[in-house]
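Observations on chain architecture
Residues per chain, in single letters:
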Amino acid sequence: MTPRTRELGLLVPAALLGVLGAATVASVRADDLDLGPLPGAIGVFAVFVAMHVALRVRAPQADPYLLPVVGVLVAIGLVELDRISPALAADQAVWIAVGGAAFVATIVLLPDHRVLERYTYLIGLAGVGLLLITMIFGTRINGAKLWIQIGGGQTVQLGEVTKILAVVFLAAYLRDKRELLAIPTRRRLGVPVPPMAALGPVLLFLVACLALVGLLNDFGTALLLVGVFLAMIYLATGRVAYTVIGIGVVLVGCLAVYAAVPRIQTRVDGWLQPFDDPQGQGYQLVQSLYALGEGGVFGPGLGKAFLVTDDGGTVIPFLQTDFMFSAVASELGYIGGVGLLLGFLLLIQRGFIIAAQANDGFSKLLAGGLTAAIGLQAILIIGGVTRLLPLTGVTLPFLSYGGSSVVTNFVLVALLLVISNRSRAGHVPSRRERRRMEREAAEREAVAA
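In this report, the structure presented in the accompanying data block is examined. (Residues numbered from 1 in each chain as written. Predicted model: local features only at pLDDT ≥ 70, side-chain atom pairs only at ≥ 80, totals over all residues. Heavy atoms only, no water.)

1. Concerning the overall build of the protein
Counting secondary structure elements, the protein contains 15 helices and 5 strands. Taken against the 2.2 N^0.38 rule, which gives 22 Å for 449 residues, the C-alpha radius of gyration of the protein at 23 Å falls within 12% of a compact globule. Seen along its three principal axes, the alpha-carbon backbone of the protein occupies a region of about 85 × 55 × 45 Å. Across the 449 residues in the protein, those meeting the buried criterion constitute 49%. Here the analysis covers contacts within the protein between residues at least 6 apart in sequence; of these, 74% occur between residues at least 24 apart. As displayed, the protein offers around 20,000 Å² of accessible surface, 68% of which is attributable to carbon and sulfur atoms. (Helix = DSSP H or I, 4+ residues; strand = E, 2+ residues; numbered from the N terminus. Rg over C-alpha atoms; globule rule 2.2 N^0.38 Å. Buried < 20%, exposed > 50% of the residue type's maximum accessible area, 1.4 Å probe, protein only. Contact = heavy atoms within 4.5 Å. Areas by Shrake-Rupley, 256 points an atom, 1.4 Å probe, with all protein chains shown as cover.)

2. Focus on the nonpolar core
Counting residues in hydrophobic clusters, the biggest one holds 110 residues, and the most contacted among them are Phe48, Val74, Phe103, Phe344, Leu347, Leu396 and Phe410. If one sorts the elements of this core by residue count, helix 6 (residues 158-182) sits on top with 13 residues. When sequence neighbours within four positions are dropped, the list of residues in contact with Phe48 reads Leu11, Leu67, Val70, Gly71, Val74 and Phe410. (Core = buried A, V, L, I, M, F, W, Y, C linked by side-chain atoms within 4.5 Å.)

3. Describing the sheet that holds strand 3 (residues 154-156)
With respect to topology, 3 strands assemble into an open sheet ordered 1-2-3, the strand pairing being antiparallel. Strands at the two margins of the open sheet, each flanked by one partner only, are strand 1 (139-141) and strand 3. Each adjacent strand pair in this sheet contributes to an overall mean axis angle of 55°, direction not counted. Judged from the 3 bridges that link them, strand 2 (residues 144-151) and strand 3 form a sheet pairing that is antiparallel. Directly across from Gln149, in strand 3, lies its bridge partner Thr155. (Pairing = 2+ DSSP bridges. Axes fitted to C-alpha atoms, helices over the stretch in contact; angles between N-to-C directions.)

4. Quick word on a nonpolar patch on the surface
Where nonpolar side chains cluster on the molecular surface, the patch consists of Val297, Phe298, Tyr334, Ile335, Val338, Leu342 and Leu345 and spans about 740 Å² of accessible area. Inspection of the secondary structure puts Leu342 in helix 12 (residues 324-357). (Patch = residues over 30% accessible without salt bridge, like charges linked within 9 Å, V, L, I, M, F, W, Y side chains within 5 Å. Salt bridge = Lys/Arg side-chain N within 4 Å of Asp/Glu carboxyl O.)

5. A closer look at the pairing of strand 2
Two elements, strand 1 and strand 2, share 3 bridges in a ladder whose sense is antiparallel. Its bridge partner lying in strand 2, Thr139 is registered against Trp147. Between strand 1 and strand 2, which pair antiparallel and follow one another directly, the connecting turn spans 2 residues, one of which, Asn142, has a positive phi of 55°. A loop of 2 residues connects strand 2 with strand 3, the two strands running antiparallel in sequence, and Gly152 in this loop sits at a positive phi of about 65°.

6. Brief notes about the packing of helix 5 (residues 120-137) against helix 7 (residues 196-215)
The N-to-C vectors of helix 5 and helix 7 enclose an angle of 15°; their axes lie 10 Å apart at closest approach. One element, helix 5, and the other, helix 7, form an angle in the roughly parallel class. The interaxial crossing formed by helix 5 with helix 7 has left-handed handedness. Contacts from Gly124, Val128, Leu131, Leu132 and Met135 in helix 5 reach Phe205, Ala208, Cys209, Leu212, Val213 and Leu215 in helix 7. For the contact of helix 5 with helix 7, the per-class residue count stands at 10 nonpolar, 1 polar and no charged. (Parallel < 35°, antiparallel > 145°, perpendicular 65-115°, else oblique. Left-handed = near helix turned anticlockwise from the far one by under 90°. Nonpolar A, V, L, I, M, F, W, Y, C, P; charged D, E, K, R; others polar.)

7. What about the pattern of salt bridges?
One side chain can pair with another of opposite charge once the charged atoms of both are near each other. A full pass over the atoms with the stated rule returns 6 salt bridges. Arg4 is paired through a salt bridge with Glu7; the nearest N and O atoms lie 2.7 Å apart. Here Arg4 pairs with Glu7, and both are found in helix 1 (residues 3-30), just 3 residues apart, close to one helical turn. In this structure, Arg424 engages Asp63 in a salt bridge whose closest nitrogen and oxygen atoms are separated by 3.7 Å. With a gap of 361 residues between them, Arg424 in helix 14 (residues 403-425) and Asp63 in the loop between helix 2 (38-58) and helix 3 (66-84) connect regions that are remote in the sequence. A relative accessible area of 34% means that Arg424 is categorised as partly exposed.

8. Section: the packing of aromatic side chains
Tallied over the full model, the rule gives 7 aromatic pairs. Centre to centre, the rings of Phe48 and Phe410 are 6.0 Å apart; their planes meet at 65°, and the pair counts as edge-to-face. On the criterion of sequence distance, the pair formed by Phe48 in helix 2 and Phe410 in helix 14 is long-range, its members being 362 residues apart. Take Phe48: its relative accessible area is 5%, and that puts it in the buried class. Residue Phe410 is classed as buried on the basis of its relative accessible area, which comes to 1%. (Phe/Tyr/Trp six-rings, centres within 6.5 Å; stacked < 30°, edge-to-face > 60°.)

9. A word on the side chain of Asp218
If you trace the backbone, Asp218 turns up in the loop between helix 7 and helix 8 (219-237). In this structure, Asp218 is buried with no salt-bridge partner, the nearest side chain bearing the opposite charge being Lys163 at 6.3 Å. (Lys, Arg positive; Asp, Glu negative; His and termini not counted.)

Next up, the structure:
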């Protein structure tokens, strides 16, 4: 069986899950058998079939399990959004179609991802530039300036694109400097320090991004970028000391932000003592914990948990964006929550397998960084709604309502599949690798002479 045939076979259960889930929610709402969501579910399945066809034509050797796992997560997200509001589910289906088009465009237009290495600094500057554009033209909502109005009541979050650009920049830069960074040139207070000529540019990029997302009041993205950087510098150098030191610096920075930013103080206090003010700053988290508790082991079933009030509002504010995990666990119980976690674990496992199978350093770092980004995002938001971590406001990949998140995550998956296809099809040196090998050969000849 070819990888693509296996992928198509695995997409069918994901489609059935979406159809049955949406039909169940609609039937519970109508108190009768209701197949109204069926056309929408078929439309979303058609988007996945289009992505499958693009892979079959342009990346036939790509990992066959990644897209079906994404399909399951998307199906669960759409069912819960339909449970909360059919209008939100319809909007999300449109954004999934846009994301599918971005996925196909990435597969078709970027057959060899290693071409991105040529534009390392341009990609880094573009990532910072998108944050600058958001700072200048963005609209502030609930204290955070993350959205840009594009007309028709729609908004986009350019910061979501910056996440991917940052990973590409870091992968290309760290690939070039990994030998220099892996060997410390001196020690300060017993701490190994790599040469600043190699570390300085990447630190400058990171500081610029963190300063801008700080000004935008987007501390969830700041944590995500720092986490991805620490993961990637470990992957590049293999030095645990760098990651440990980085975590220490992050903790000190978090304490400084906590002391300086009242909004963060309120959020952390609400996390530490949510029941001290259950109708005020702890309201969201308390309602989320109640929803998780009411779900029990198996949950009451799709469409039956108390998530939506009679006037159409949600019991948990921002349920459709920040608290999608709570919605799923409230309706499907502990089993449903664990199942969702296993879905993300499987997604992360496939991503790291793709990184391990990659044939060159840039591909390994890019796949590892993209996987770390999506995994950290899931950890931050699931940890937040279960009170293991402070709430950060990042979205749950493929489940939360929001077009920018959906589209960028589909592009991220497409990049992983491009890397997978290139690795399985056999290693062909990129132009940069050929130049490097030619340079090294010339240096060896010069030494021999």
